[in-house]
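Each chain, letter by letter, is given below.
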Amino acid sequence: MSDIKKVVLAYSGGLDTSVIVKWLQETYDCEVVTFTADIGQGEEVEPARAKAQAMGVKEIYIEDLREEFVRDYVYPMFRANTLYEGEYLLGTSIARPLIAKRLVEIAEETGADAISHGATGKGNDQVRFELGAYALAPGIQVIAPWREWDLNSREKLMQFCEDHEIPVDFTGKKKKSPYSMDANLLHISYEGGNLEDPWWEPEEEMWRWSVSPETAPDAPTYITLTYEKGDIVAIDGERLSPADVLSKLNKLAGDNGIGRLDIVENRYVGMKSRGCYETPGGTIMLPAHRAIESLTLDRESAHLKDSVMPKYAELIYNGYWWAPERLALQKLIDATQENVNGEVRMKLYKGAATVVGRRSENDSLFDASIATFEDDAGAYDQKDAEGFIKLNALRLRIAAKNGRKLS
């Protein structure tokens, strides 16, 4: 411990990380640098400055990373149509590599010996933060208080605050949620409390970003998304930055009851966990991106992307954003996006985001003169299909002649 003179802490200003500041100061007798990232969590981050100053922190970093988050992390992930275990849009997972990167960069800037985080020893985030940190700064030391201290309950944390006169505003003007929540511009997650019973149906009051589908407007909302190289660059003709795109989609989707998810997932550390997620904008982005790809991507390129997507999703979920295999897959994915240009029209209605149109002026591979059920004027010779079928059936016919059983 005597080797640790300065630590950079990922600091939210909440209960856990406020306790960690004081705990690091006492346990390691070190200077603490706090880093608070604004990645669109929807809450003011500036109050964290006053809280850190009150505990004697002299070097305080508060940064707006919303554009970098969406541009360099969310957008690349959506180019792959990424889903973990067929459902989860990875809202928490994708934020961790950015935070890890800034932690080690600030450690280098300030001459710190270590970084620290408030992730528990039961969750995925400890893995994501630390794998990212070690990939970017192999010699960095990591302090994970939840794996060291005995403050393993909310009551003990509260008592620590009282004993050390730590001012923590737990509720502000809002009623505190009974759930453990994590938010960024892509999603908000809910865990713990009653959700630890997988049979429990979340109460309507839990959801923060969306109205219920039952109370959503009776008239649908139509929007048109413009794509350039696989990324949304405009909504209804208005060009927007990546962060503004996602913010607007969140509002449009949330107003129409879109984006709620309730799943039991397999954590990397081995346990199953029940979580609820609101990902309004992302729930529009996924089918819209698949729609523009369906028009502009070659069949085998599309199928290759689909085949590697589960591995790509697993790498992000498990914390391997900075691993060479994720970087290699990203190059493959990005190479397929060169011609993914055009527009997608979406219908938003009572919890559903439905593709109702897609077009690409210069990059569409859809040829109506070939696909038509009407007279194609010789564009496609149907007789060619006979040889195609017989060649593809050859191995099946040989096996059948040899008496191979099919069941």
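Residues numbered from 1 in each chain as written. Predicted model: local features only at pLDDT ≥ 70, side-chain atom pairs only at ≥ 80, totals over all residues. Heavy atoms only, no water.

Enquirer: Just to check I follow, could you spell out the nonpolar core for this structure?
Expert: Across soluble globular proteins, nonpolar side chains show a tendency to be buried alongside one another. Counting residues in each nonpolar core, the largest one holds 76 residues, and the members touching the most others are Phe 69, Leu 225 and Leu 249. If near-sequence neighbours (up to four positions away) are discounted, Leu 249 is found in contact with Ile 223, Leu 225, Ile 232, Ile 235, Pro 280, Gly 281, Ile 284 and Met 285. Counting 29 residues, the second largest nonpolar core, distinct from the first, contains Trp 23, Leu 24, Val 32 and Ile 60. (Core = buried A, V, L, I, M, F, W, Y, C linked by side-chain atoms within 4.5 Å. Buried < 20%, exposed > 50% of the residue type's maximum accessible area, 1.4 Å probe, protein only. Contact = heavy atoms within 4.5 Å.)

Enquirer: Honestly, the sheet that holds strand β2 (residues 31-38) in this entry has me stumped. Any pointers?
Expert: Sheets are built from strands that pair by backbone hydrogen bonding, the pairs being arranged parallel or antiparallel. Across the sheet, which stays open at both edges, the 5 strands sit in the order β3-β2-β1-β4-β5 with parallel pairing between neighbours. The sheet is open, and its two borders are formed by β3 (60-64) and β5 (141-143), each paired with just one other strand. The sheet shows a mean angle of 25 degrees between the axes of neighbouring strands, taken without regard to direction. Two strands pair when backbone bridges link them, and β2 and β3 are joined in this way by 5 bridges, in the parallel orientation. For Asp 38, the partnering residue across the bridge sits in β3 and is Asp 64. (Pairing = 2+ DSSP bridges. Helix = DSSP H or I, 4+ residues; strand = E, 2+ residues; numbered from the N terminus. Axes fitted to C-alpha atoms, helices over the stretch in contact; angles between N-to-C directions.)

Enquirer: What exactly am I supposed to notice about helix α5 (residues 125-136) here?
Expert: Quick reminder: α-helices carry 3.6 residues per turn. Residues three or four places apart thus point the same way. Given a rise of 1.5 Å per residue, 12 residues ought to cover 16 Å, and the 17 Å separating the end C-alpha atoms of α5 matches this to within 8%. Where α5 is concerned, the buried positions are Asp 125, Gln 126, Val 127, Arg 128, Phe 129, Glu 130, Gly 132 and Ala 133. (Expected span 1.5 Å × (residues − 1).)

Enquirer: Sorry, what's going on with the environment of Ile 316 here?
Expert: The residue Ile 316 is located in helix α9 (residues 299-318) in this model. Separated by 219 residues in sequence, Ile 316 and Pro 97 place their C-alpha atoms 9.0 Å apart. Those residues within four positions of Ile 316 in sequence are excluded, and the remaining contacts are Met 77, Leu 90, Ser 93, Ile 94, Arg 128 and Trp 321.

Enquirer: Would you mind showing me how to read the pattern of salt bridges here?
Expert: A side chain of one charge can pair with a side chain of the opposite charge if their charged atoms are brought near each other. Scanning the model with the defined rule gives 30 salt bridges in all. For the salt bridge of Arg 290 with Asp 306, the shortest nitrogen-to-oxygen distance reads 3.2 Å. In this pair, Arg 290 is assigned in helix α8 (residues 280-296) and Asp 306 in helix α9, connecting sequence segments 16 residues apart. Taking the relative accessible area as the measure of exposure, Asp 306 reaches 31% and is therefore partly exposed. One salt-bridge network, in which partners are shared between bridges, spans Glu 63, Glu 68, Lys 101, Arg 102, Glu 105 and Glu 109. (Salt bridge = Lys/Arg side-chain N within 4 Å of Asp/Glu carboxyl O.)

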